[in-house]
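Examining the three-dimensional arrangement
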Amino acid sequence: MIFGRTERGGPPVEPVTLKILVAGGFGAGKTTLVGAVSEIKPLRTEELLTEAGRPVDDTSGVEGKHTTTVAMDFGRITLREDLVLYLFGTPGQDRFWFLWDELATGALGAVVLADTRRLEDCFAAVDYFERRAIPFVVGVNCFDGAARHPVEDVRRALDLDSAVPVVLCDARARDSVKDVLIEVVRHAMAYAAERRHTVTG
């Protein structure tokens, strides 16, 4: 993005900045997603997994994972000249959930990244956003070698409201992640409009 660009001699365009959370279970691909799409070098707070953490960090299904986020991931993407998203990736383990309330403050919406090999791991994130009325999209991360499931099967398995978008994605691919983020913005805007209509109606 080029800040300060003018249209036909008009004033510089001041971008709207929006905060999006990226949540989900341990090893679902949150750090990868933020890194794939960020136009700046992403801030990461990863630490090596240790033997001491084995009893609390369930790596079944993600045995190749050697690091874990202990605070947050942070990145930025410009969707249009006048629209910038700041991405905050949440830690996946239970013991770091105390950070979620701080990270969620001021968020427009969220991505709940799901791994169909460990689908139950994203229940907590779904519940968190539902309870706090934060609009979210479920992104099903299509891992190599993982079984592909129809979107409606995932919706039923997670007991999602029919209004919650469920999209297939590849957390490694910039264009795929960008599509998910665009869906979050669209869904959040529709959600806000519906709430306004309910209040004023």
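Heads up: the structure comes first, above all this text.
Here's a quick rundown of the structure. (Residues numbered from 1 in each chain as written. Predicted model: local features only at pLDDT ≥ 70, side-chain atom pairs only at ≥ 80, totals over all residues. Heavy atoms only, no water.)

Attention shifts here to the packing of helix α1 (residues 30–37) against helix α5 (residues 174–200). With their axes 8 Å apart at the nearest point, α1 and α5 run at an angle of 100° to one another. When the axis of α1 is compared with that of α5, the two are roughly perpendicular. In this structure, α1 contributes L33, A36 and V37 to the contact, and α5 contributes R174, V177, K178 and L181. Across the contact of α1 with α5, the residue classes tally to five nonpolar, no polar and two charged. (Axes fitted to C-alpha atoms, helices over the stretch in contact; angles between N-to-C directions. Helix = DSSP H or I, 4+ residues; strand = E, 2+ residues; numbered from the N terminus. Parallel < 35°, antiparallel > 145°, perpendicular 65-115°, else oblique. Contact = heavy atoms within 4.5 Å. Nonpolar A, V, L, I, M, F, W, Y, C, P; charged D, E, K, R; others polar.)

According to the stated counting rule, one finds six aromatic pairs in the structure shown. Judged by centre distance (5.8 Å) and plane angle (15°), the ring pair of F74 and Y86 falls under stacked. You can see F74 sitting in strand β3 (residues 67–80) and its partner Y86 sitting in strand β4 (residues 83–89), a full 12 residues away along the chain. Take Y86: its relative accessible area is 28%, and that puts it in the partly exposed class. With a centroid separation of 6.1 Å and an interplanar angle of 35°, the aromatic rings of F129 and F136 are classed as tilted. Assessed through its relative accessible area of 1%, F129 is described here as buried. Note on F136: relative accessible area 4%, which makes it buried. If you follow K19 out to its NZ or CZ, it ends over the ring of F88, 4.8 Å from the centre. For the cation-ring pair, R117 lies above F143, with the distance from its terminal atom to the ring centre recorded as 4.2 Å. (Phe/Tyr/Trp six-rings, centres within 6.5 Å; stacked < 30°, edge-to-face > 60°. Buried < 20%, exposed > 50% of the residue type's maximum accessible area, 1.4 Å probe, protein only. Lys NZ or Arg CZ within 6 Å of the ring centre and 35° of its normal.)

The analysis is restricted to geometry; functional conclusions fall outside its scope.
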